[in-house]
Amino acid sequence: MKSTILSYFILTALLALVSSPTFSQGKGVSLNKIIAKIDNYYVLKSDLEQARQSYVQQNQKAPADCQLLESLVVQKVLLAKAEIDSVTVDDKLIENQMDGRMSYMIQQFGSEKNLVEAYGKSIESLKSELRTEVKEQMLGQRMQTKITDDVKVSPNEVRKFFNAIPKDSLPYIPAEVEIGHIVRLAKVTKEQKEELKKRLLALRERVEKGEDFAKLATEFSEDVGSAPKGGDLGFAKRGAMVAEFEGAALKLKPNEMSDIVESEFGLHLIQLIEVRGAEYHARHILLRPDYNRLDLTEPRRFLDSLRTLIVADSIKFEKAAKDFSEDKVTADAGGVIRDQQSNSTLLPHDQNMDYTLFMTLDSMKVGSISPPMDYRLEDGKSAVRLLYYKRKVAPHTASLKDDYEKIANIVMVNKKNTAIDAWFKKAVSDVYINVDPEYQSCHILGTQKTEGP
């Protein structure tokens, strides 16, 4: 087995690109020749092309075809071994992830109609493709976690690694910044809310007059995950749904319908189907506000007042973030934003940073707090935020004292690479791999054809 198997983090990044919900827009790619078979899994030529396009769409230079193909084969080996080792991902987690991505896509395109027109496929076809991609990505991630779960790094290993680096070869660390934010989401206008309530009340009345709740959910619900199933959400354990939804659902008797329920996802009509021990089975009709018409006046006013209190030192930024920020990812950490790749609180302050954020920080002083600024979360929700420029680290030569976290991450990556390599040495003997002769020069995973036991 060659030692050039993709490193842990490169592998993760490639899988994320390959498994992202890019679909095939318009006419798409019709290159459906099988170029690799791994047990019951296949890699198509169109998969290779889509992987390449994923890089192009993100303005990145794509790796060579052999490296791309190897990353695709690696993904399928992970899936094949997951099947052999009975590693699974809960269907509910897959549905939640799929629904979130689909909702984000719809928000990005403005409506389901726009999304369908852009890709030339029905919502059901897009969902089917996305569900498969999400399931495979989550299974691959679960296998990676299983492989490296026991890998730990001690302070002694970090010191030993750092001390082994020649002084004239110590890496140069570019400028970095630590920032935090407090986010308040755009609010539904009174007019919008009344419009949604009016539509839901009309649907409720139709059910009361004898129409089938499930049929109306299929036709009118804007929950892209459950609507095709008549709004059916399946069995959920208590605590799995948002409090407003669960509280209303559990007050109902089987086949009884709720009044209008408001949650962070929109407005619901809920019908309880069955309660079974600590689980309950419900369906719903969800109507969402038009995200392009949400009102930013109230969150902007709120943050402006909050900024005055923080600047006057009447409340610390970290406490304000924990108490008032509506960004769930950062609120508990006092609003501090972490790098998605390294999980570090220090972010590279260079051309790779979001341009708007880079220019905003360029006009701020360390320790200052911005006025309320328009912002859009990763899931597409409109919001307003305060930015806190907490500190800046000047460019410098790496040191154990100042860069311990980065050095520890390098040691961790190296140990995970070793674990990944050792795992693949065994895995390729456990599964059948056959690569098309067209790619025989690639020597995928150090072999062109191998059959497991």
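The rules behind each value
Residues numbered from 1 in each chain as written. Predicted model: local features only at pLDDT ≥ 70, side-chain atom pairs only at ≥ 80, totals over all residues. Heavy atoms only, no water. Pairing = 2+ DSSP bridges. Helix = DSSP H or I, 4+ residues; strand = E, 2+ residues; numbered from the N terminus. UniProt positions renumbered as here; feature names shortened; annotations may be inferred. Salt bridge = Lys/Arg side-chain N within 4 Å of Asp/Glu carboxyl O. Buried < 20%, exposed > 50% of the residue type's maximum accessible area, 1.4 Å probe, protein only. Arc of directions from axis to C-beta. Contact = heavy atoms within 4.5 Å. Disulfide = S-S within 2.5 Å. Axes fitted to C-alpha atoms, helices over the stretch in contact; angles between N-to-C directions. Core = buried A, V, L, I, M, F, W, Y, C linked by side-chain atoms within 4.5 Å. Parallel < 35°, antiparallel > 145°, perpendicular 65-115°, else oblique. Nonpolar A, V, L, I, M, F, W, Y, C, P; charged D, E, K, R; others polar.

Under the annotation held in an unreviewed UniProt entry, the protein carries the name Peptidylprolyl isomerase and is attributed to Larkinella knui.

**Digging into the sheet that holds strand β10 (residues 373–376)**
Across a sheet, strands are paired by hydrogen bonds formed along the backbone, either parallel or antiparallel in direction. Within the open sheet, the four strands sit side by side as β9-β4-β11-β10. Their pairing is antiparallel. Edge positions in the sheet fall to β9 (347–348) and β10, since each of these pairs with one other strand and no more. The pairing of strand β4 (residues 176–185) with strand β11 (residues 382–393) spans 10 bridges and is classified as antiparallel. Residue pairing for β11: Arg 184 is matched across the bridge by Val 384.

**Notes on the UniProt feature "domain: PpiC" (unreviewed entry) in the protein**
Residues annotated by UniProt as "domain: PpiC" (unreviewed entry) correspond here to residues 174–274 and 277–374. A distance of 58 Å separates the end C-alpha atoms of residues 174–274, which is 34% helix and 28% strand.

**Focus: the pattern of salt bridges**
Opposite charge on two side chains makes pairing possible when the charged atoms of those side chains draw close. Enumeration according to the criterion identifies 29 salt bridges in this entry. The residue Lys 33 makes a salt bridge to Asp 436 at a minimum N-O spacing of 3.5 Å. Of the two residues, Lys 33 is situated in the loop between α1 (8–18) and β1 (34–38) and Asp 436 in the loop between β13 (433–435) and β14 (449–450); the sequence distance between them amounts to 403 residues. For Lys 33, a relative accessible area of 40% puts it in the partly exposed group. The class of Asp 436 is buried, set by a relative accessible area of 16%. Linked by salt bridges that have partners in common, Lys 81, Asp 85, Lys 146, Lys 426 and Asp 430 make up one network.

**A short note on unusual backbone geometry**
Phi at Asn 255 takes a positive value of approximately 75°, unusual for a residue other than glycine. Relative to the assigned elements, Asn 255 resides in the loop between α10 (243–249) and β6 (261–263). The backbone phi angle of Asp 313 is positive, close to 65°, even though this residue is not glycine. You can see Asp 313 is positioned in the loop between α11 (297–311) and α12 (317–324).

**Observations concerning α12**
Considered for burial, the residues of α12 that qualify are Phe 317, Ala 320 and Ala 321. For α12, the angular spread of the buried residues around the axis is 100°, confining them to a single face. Tucked inside the fold, the buried residues of α12 contact β4, α11, α13 (328–331) and β11.

**Details of the state of the cysteines**
Disulfide: a covalent bond formed between the sulfur atoms of two cysteine residues. As enumerated under the stated definition, the model contains one disulfide in all. The disulfide bridge from Cys 66 ends at Cys 442, spanning 1.9 Å between sulfur atoms. Its S-S torsion of approximately -70° makes the covalent link between Cys 66 and Cys 442 left-handed. You can see Cys 66 sitting in helix α3 (residues 65–84) and its partner Cys 442 sitting in the loop between β13 and β14, a full 376 residues away along the chain. Of the residues examined, Cys 442 reaches a relative accessible area of 9% and is grouped as buried.

**Here we look at the sheet that holds β6**
Pairing in this open sheet of four strands is antiparallel, and the strands run β5-β8-β7-β6 from one edge to the other. Among the strands making up the open sheet, the edge pair consists of β5 (232–237) and β6. Strand-to-strand twist in this sheet, taken as the mean axis angle between neighbours without regard to direction, amounts to 45°. Of the strand pairs in this sheet, β6 and strand β7 (residues 266–276) are connected by three bridges, and their pairing is antiparallel. Looking across to β7, one finds that Glu 262 is bridged to Leu 267. Of the strands in this sheet, β6, β7 and β8 (279–287) touch helix α8 (residues 190–208), which is tilted by about 40° from β7.

**A few points about the nonpolar core**
Counting 48 residues, the largest nonpolar core has Ile 38, Leu 69, Val 73, Val 77 and Ile 433 as its most contacted members. At 10 residues, the largest contribution of residues to this core is made by α3.

**Overview of the pairing of strand β2 (residues 41–44)**
Only one face of β2 is covered, namely the face carrying Tyr 41 and Val 43; the face carrying Tyr 42 and Leu 44 is uncovered. Turn length for the β1-β2 hairpin, with the two strands adjacent in sequence and antiparallel, is two residues, and the turn residue Asp 39 shows positive phi of about 50°.

**Quick notes on the packing of α3 against helix α6 (residues 123–148)**
At their nearest, the axes of α3 and α6 sit 9 Å apart, and the two run at 75° to each other. When the interaxial angle is binned, α3 and α6 end up roughly perpendicular. In this structure, α3 contributes Gln 75, Lys 76, Leu 78, Leu 79, Lys 81 and Ala 82 to the contact, and α6 contributes Glu 136, Leu 139, Gly 140, Met 143, Gln 144 and Ile 147. Residue classes in the contact of α3 with α6 are distributed as six nonpolar, three polar and three charged.

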